[in-house]
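Examining the three-dimensional arrangement
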Amino acid sequence: MTQEHPPLTEGVYYILLALYEARHGYGIMQLVEEMSNGRVRLGAGTIYGAIKTLLERGWIEALDGDGRKKEYIITETGKTVVEYEILRLRELFDNGIRITRGVE
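Residues numbered from 1 in each chain as written. Predicted model: local features only at pLDDT ≥ 70, side-chain atom pairs only at ≥ 80, totals over all residues. Heavy atoms only, no water.

1. Quick look at the nonpolar core
Within the largest apolar cluster, 24 residues are counted, with the highest numbers of intra-cluster contacts made by Ile-15, Leu-16 and Ile-28. At the level of elements, helix H1 (10-18), helix H2 (25-35), helix H3 (44-57), strand S3 (71-74) and helix H4 (76-101) are the ones that each hand at least two residues to this core. Per-element tally for this core: the top contributor is H1, with six residues. For Ile-28, the contacting residues outside a window of four places in its chain are Ile-15, Ala-18, Leu-19, Arg-23, Ile-47 and Ile-51. (Core = buried A, V, L, I, M, F, W, Y, C linked by side-chain atoms within 4.5 Å. Buried < 20%, exposed > 50% of the residue type's maximum accessible area, 1.4 Å probe, protein only. Helix = DSSP H or I, 4+ residues; strand = E, 2+ residues; numbered from the N terminus. Contact = heavy atoms within 4.5 Å.)

2. Quick word on H2
Residues of H2 that are buried include every one of Gly-25, Gly-27, Ile-28, Met-29, Leu-31 and Val-32, and no others. In this fold, the buried residues of H2 make contact with H1, strand S1 (23-24) and H3. Just beyond H2, the residue with positive phi is Asn-37, at close to 55°.

3. Brief notes about the side chain of Ser-36
Within the secondary structure, Ser-36 is located in the loop between H2 and H3. Classification of Ser-36 as buried rests on a relative accessible area of 5%. Within the structure, the side chain of Ser-36 is placed 3.0 Å from the backbone oxygen of Val-32, a separation counted as a polar contact. (Polar contact = N/O pair within 3.5 Å; in protein donor to acceptor, adjacent residues only side chain to side chain.)

4. Details of the pattern of salt bridges
Counted under the stated rule, the structure contains six salt bridges. The shortest N-O distance in the salt bridge between Lys-79 and Glu-76 comes to 3.6 Å. A residue pair is termed a helical-turn pair when its members lie 3 or 4 positions apart in one helix, as Lys-79 and Glu-76 do in helix H4 at three residues. Classification of Lys-79 by relative accessible area gives partly exposed; the value is 29%. Overall, Glu-76 belongs to the exposed group, its relative accessible area being 58%. A salt bridge links Arg-88 to Glu-85, with the nearest nitrogen and oxygen atoms 2.7 Å apart. Separated by three residues within a single helix, Arg-88 and Glu-85 lie in helix H4, roughly one turn from each other. Overall, the relative accessible area of 18% leaves Arg-88 in the buried class. On the basis of relative accessible area, Glu-85 is assigned to the buried category, the value being 2%. (Salt bridge = Lys/Arg side-chain N within 4 Å of Asp/Glu carboxyl O.)

The following block contains the structure:
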């Protein structure tokens, strides 16, 4: 794991996953809660603060629209970040299983 791809918070990870399809903030909040079986609930302040940061990093982009609710979608850079995170999580999981179950 490099500094270029630091570990993601659970909230950011779920937001990025939610944005593989275009969604507005409330839609992201709903999907994240659904994907996590109600375990992860993102408030409006959290979601919009994260969106601002993700836009600045180039991991998501705002879509042009004339509606009241602005929609966002993940960028190719954001998808790369998610792929690195999946590899990191897989390593954590695999090592946990290996150690706790004595599997070599």
